[in-house]
Amino acid sequence: MSNTQKQHLPLLHFLFIEDAIDDALLLVDYFQSHGFRFNWQRVDTEKGVIAKLQEQWDIIFSDYSMPGFSGMRALEIVRQHDPDIPFIFISGAIGEDVAVEAMKLGAQDYVMKGNLNRLFPAVNRELQETEKRRELRQFDQLLRKLSLAVNQTTDSIFITDPEGRIEYVNPAFEKLTGYSAEEVIGKTPAFLHSDPRDSNYLQLWHTVANGNVYQGTFVNRRKNGEFFYEERVITPLKDGKGNITHFVSTGRDITARIQAEEERAQLTAILDVTPDLVAIFEPEGHLRYLNESGRRLLEMSRDEDISQYCMGDLFFNGATQQSVSEILVAVKQHGIWSGETYLHTPRNKELPVSQVVLAHKESGNSSIEYLSTIARDISERKRFEAELQHQATHDRLTNLPNRSLLADCFASALKYAQRHNSNVGVLFIDLNNFKRINDNLGHAAGDMLLEQIAQRLKSCMRANDTVARHGGDEFTIVISELHDPENILDVLNKIYSAFEHPVIIHNHEVYVTFSIGIAIYPHDGDRIEDLLQHADIAMYRAKSMGPNQYCFYASDMNVRGHELLALEADLRRALEQEEFVLHYQPQIDLRNNRVIGTEGLIRWQHSVRGLVPPGDFISLLERSGMIIPVGEWVLREACKAHRSWRALGFNDIRISVNVSATQFNDIDLLDKIRRALREEHMPKHTLELEITENILMHDPVGATEVLEAINALGVRIAVDDFGTGYSSLAYLKRFPLDTLKIDQTFMSDLTNDSGDAAIVETSISLAHKLDMEVTAEGVETDGQLEFLRTHDCDLVQGYYFYRPLPMSELTNLLHGRHGKC
């Protein structure tokens, strides 16, 4: 993370309740390595905790066991002080039962000191959720305040009998009119009106006497003789028979508003004749006034309520401009700001303006009373400047970026690659036989061809890639965010596919072929000049190989590229030619050592290469989109195999198949599962779908919907590779899961690594508490098996028992040995 990015992160305050300073420093190093900006302090006594809670903390981390002080007591003290502040245990000694109890008492999470993988996402999650909890609590407090405000309103209220004689007035009435309750009880409100015979007063009594609510504005007189404007609502109260028993009057002094409106009318008459936008804002930015030209520019009607808008709603700051909040700060400090911004209209149009903002202070002090702004439409000037800029950076014929803009785009791609440790691809493309087209069809036809080629090339690229015209019949492409250089092959496939069909020029079909040279940052250079030169050299190598060829500047990439393209082509034929097969790895029940399930694993029986391991082709299936039909084939093949086993009498054997991320997001996944179950007469409870932990946590809310739909079918669900991702325990318990599969990466050092052992033991305990079955993958030794058996693991699979077996061998195993190990 760059220093600029870190400066924009909020400064957090961490409190560590930890007796070991070294452990606290390890946590400090961990958070610093993850880009946090924070202050921290450490305490290790109850007295110290109580003292530090007088300060503000964003999150608290606590050890569980400390000399003379327990983490559970620390949790109790924190919760008494603040029920919302996040509290996370970080301990090497906490057990599963204790952790569950701690979370019931208010801890948000717990993380083992030996494995901090979950700490970063846990902290991010709790920082976000804490704000939500505090907002809800503040909202509740606000409701109570509003209730109190209703009881202590400043509005003038009085109640009369049916004849209009006053029976009650509130303190606000006394304050507004200057009359005490004793002075007005028994009188009618007519004493307040300057002329009781006024038509408004007569209309009032006519309305309320007929049982209707009256609302109007009156000019009343205070006890001291001063006039004031009052906005009044009078409501008749009726008994069960519909007879009026009382009148309730609620009034509000609007004298200041009336006077302000009179002054505003005078100002409006002057400002509405200017063509510039003129607006007045409250000091915090809320819009108070907008002239007619402003409404026209912002496309607002005359009757639209402007009080709903703030300065930030109307003035959009461009990427190189100051933010509106920064403008407000500058105005409050210096009294004036001027510059260029954009008007952001309700229809999401952006209108460039030249703007001046002024701060108007109250007389006699430095407090700002209001802000004013004048903004002039400069869209015509901006359009002219943009046209000149476009002409300077784009090719006039194809409208593609020219070499100058290409260099800028490469610079941006290079910065991204350096920040994210990725690659940048540069393609140099030369049309084959373009001179012949010019000579035979004319230069106008050649120009038309170049224009259409430019459009097809653009259609192949992502929005963050750049297609440029290098000159003549040469084009260059910068491919950014290239995480794997082999992904260049996907781009080449798109380009070749885009030109499979001819370009039509004056009723002539022109088939376009290219010679493409490829250079990659950082392997082939770190400057655009070097990469273009190397891509040009590679292009000439490709040209020497014949039409429609490509060549990498790095020779090893050429070999790998051709291998992958050939392998992908073979993959597309493999499904049709029935080269895929399933092998089945038995799953052993540790309670009776019997085979009770299998996992179906795909293999590719290539006609030339032989048995291709999954690692060499699964990623290609994902990248090419073939994982959808191949995944469906795996599902159906597994169901067919189960049908064969049922015919032999093995009815209760379960079979598991893996579901990839692409399959999980397939809108037809449920229909495919239903169809396979129906057509193979598959008992639903014998099919188990394995879904990796990272797939589920990518979108927990969406994943929950899909999992619940699968669960409704009666199919079992297993979370695969558990422990390798960043699961939230809160989400894990919400998912309708049947099985938790412990990843094989924790098996290799299980008997030697206390961290792996703790993770496996905790995972088994956690799964059982959530009523899930546990399967351990990759079991290969006696020690691993004994550990799992001791800690009540349910199922195991691995080379200790069986490798994945072909269909015939597994059938013989089940039939010949009754599935017992």
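Before reading on, note that the structure itself is shown above.
A.B. asks: What should I look at first to understand the sheet that holds strand E7 (residues 109-112) in this one?
C.D. replies: Strand pairing in a sheet relies on backbone hydrogen bonds. The paired strands run either parallel or antiparallel. If you trace the 5 strands from one edge of the open sheet to the other, you get E2-E1-E3-E6-E7, paired in parallel fashion. At either end of the open sheet lies a strand with only one pairing partner, and these are strand E2 (37-43) and E7. In this sheet, neighbouring strand axes are inclined to one another by 25° on average, regardless of whether the strands run parallel or antiparallel. Relative to strand E6 (residues 87-91), strand E3 (residues 59-62) runs parallel, the two being bridged by 3 bridges. Directly across from Ser62, in E6, lies its bridge partner Phe89. With respect to the sheet, helix H2 (residues 21-33) is in contact with strand E1 (11-17), E2, E3 and E6, its orientation differing from that of E2 by roughly 170°.

A.B. asks: Whenever I open this one, a nonpolar patch on the surface confuses me. Can you help?
C.D. replies: Taken together, the side chains of Ile336, Val356 and Leu358 present a nonpolar region at the surface, about 210 Å² in accessible area. Among the structural elements, Leu358 can be located in strand E17 (residues 350-361). Given a relative accessible area of 32%, Leu358 falls into the partly exposed group.

A.B. asks: Looking at this structure, I do not really get the packing of helix H16 (residues 434-441) against helix H17 (residues 443-460). What am I missing?
C.D. replies: Two quantities define a packed helix pair, namely the angle between the axes and the distance from one axis to the other. For the pair H16 and H17, the least separation of the axes is 6 Å and the interaxial angle reads 135°. Taken as axis vectors, H16 and H17 run oblique relative to one another. Contacts between H16 and H17 involve Phe434, Ile437, Asn438 and Leu441 from the former and His443, Ala445, Gly446, Leu449 and Leu450 from the latter. Across the contact of H16 with H17, the residue classes break down as 6 nonpolar, 3 polar and no charged.

A.B. asks: Help me out: how do you make sense of the packing of helix H22 (residues 627-647) against helix H24 (residues 669-679) in this one?
C.D. replies: Contact geometry for H22 and H24: axes closest at 9 Å, N-to-C directions at 25°. Considered as vectors, H22 and H24 are oriented roughly parallel to each other. Helix-helix and strand crossings are classified by hand; for H22 and H24 the assignment is right-handed. Taken together, the residues of H24 that come into contact with H22 (itself represented by Ile628, Glu632, Leu635, Arg636, Cys639 and Arg643) are Lys672, Ile673, Arg675, Ala676 and Glu679. When grouped by side-chain class, the residues that make up the contact of H22 with H24 number 5 nonpolar, no polar and 6 charged.

A.B. asks: It is not clear to me how the sheet that holds strand E24 (residues 514-521) should be interpreted in this structure. Could you clarify?
C.D. replies: Read from one edge of the open sheet, 5 strands run E20-E21-E19-E24-E25, paired in mixed fashion. Two strands in the sheet have a free side with no partner beyond their single neighbour: strand E20 (466-471) and strand E25 (549-552). In this sheet, adjacent strand axes meet at a mean angle of 20° when their direction is disregarded. Strands in contact with H17 are strand E19 (423-431), E20, strand E21 (474-482) and E24; relative to E21, the strand with the most contacts, it is inclined by about 10°. Against the sheet, helix H19 (residues 528-544) makes contact with E19, E20, E21, E24 and E25, and its axis sits at roughly 145° relative to E24, the strand it touches most.

Quick notes on the rules
The residue numbering used here restarts from 1 in each chain and proceeds along that chain's sequence as written. Owing to the predicted nature of the model, reporting of local features is limited to residues with pLDDT of at least 70; listing and counting of side-chain atom pairs is limited to 80 or more, with chain, interface and lining totals taken over all residues. The basis for the side-chain values is all heavy atoms of the structure; hydrogens and waters are excluded. One requirement defines pairing of two strands: DSSP has to find at least two bridges between them. Elements are defined by DSSP. Helices are runs of H or I of four residues or more, strands are runs of E of two residues or more, and each kind is numbered from the N terminus. Axis definition: a line fitted to C-alpha atoms, over the contacting stretch in the case of helices. Angles run 0 to 180 degrees between N-to-C directions. Here, two residues are considered to be in contact whenever any of their heavy atoms come within 4.5 Å of each other. What goes into a patch is any residue over 30% in relative accessible area without a salt bridge, connected to like charges within 9 Å or, for nonpolar side chains (Val, Leu, Ile, Met, Phe, Trp, Tyr), within 5 Å. Only the protein chains shown count as covering a residue, and every accessible area follows the Shrake-Rupley method with a 1.4 Å probe. Should a side-chain nitrogen of Lys or Arg be within 4 Å of a carboxyl oxygen of Asp or Glu, the pair is scored as a salt bridge. Accessible area is worked out with a 1.4 Å probe on protein chains only. A residue is then buried under 20% of its type maximum, exposed over 50%, and partly exposed in between. In what follows, roughly perpendicular refers to angles from 65 to 115 degrees, roughly parallel to angles under 35, roughly antiparallel to angles over 145, and oblique to any angle outside these ranges. Three residue categories are used. Nonpolar comprises Ala, Val, Leu, Ile, Met, Phe, Trp, Tyr, Cys and Pro, charged comprises Asp, Glu, Lys and Arg, and polar comprises the others, including Gly. Handedness of a crossing is defined here by the sense of rotation of the near helix relative to the far one, left-handed for an anticlockwise turn of less than a right angle and right-handed for a clockwise turn.

All we've got here are geometric facts, nothing functional implied.
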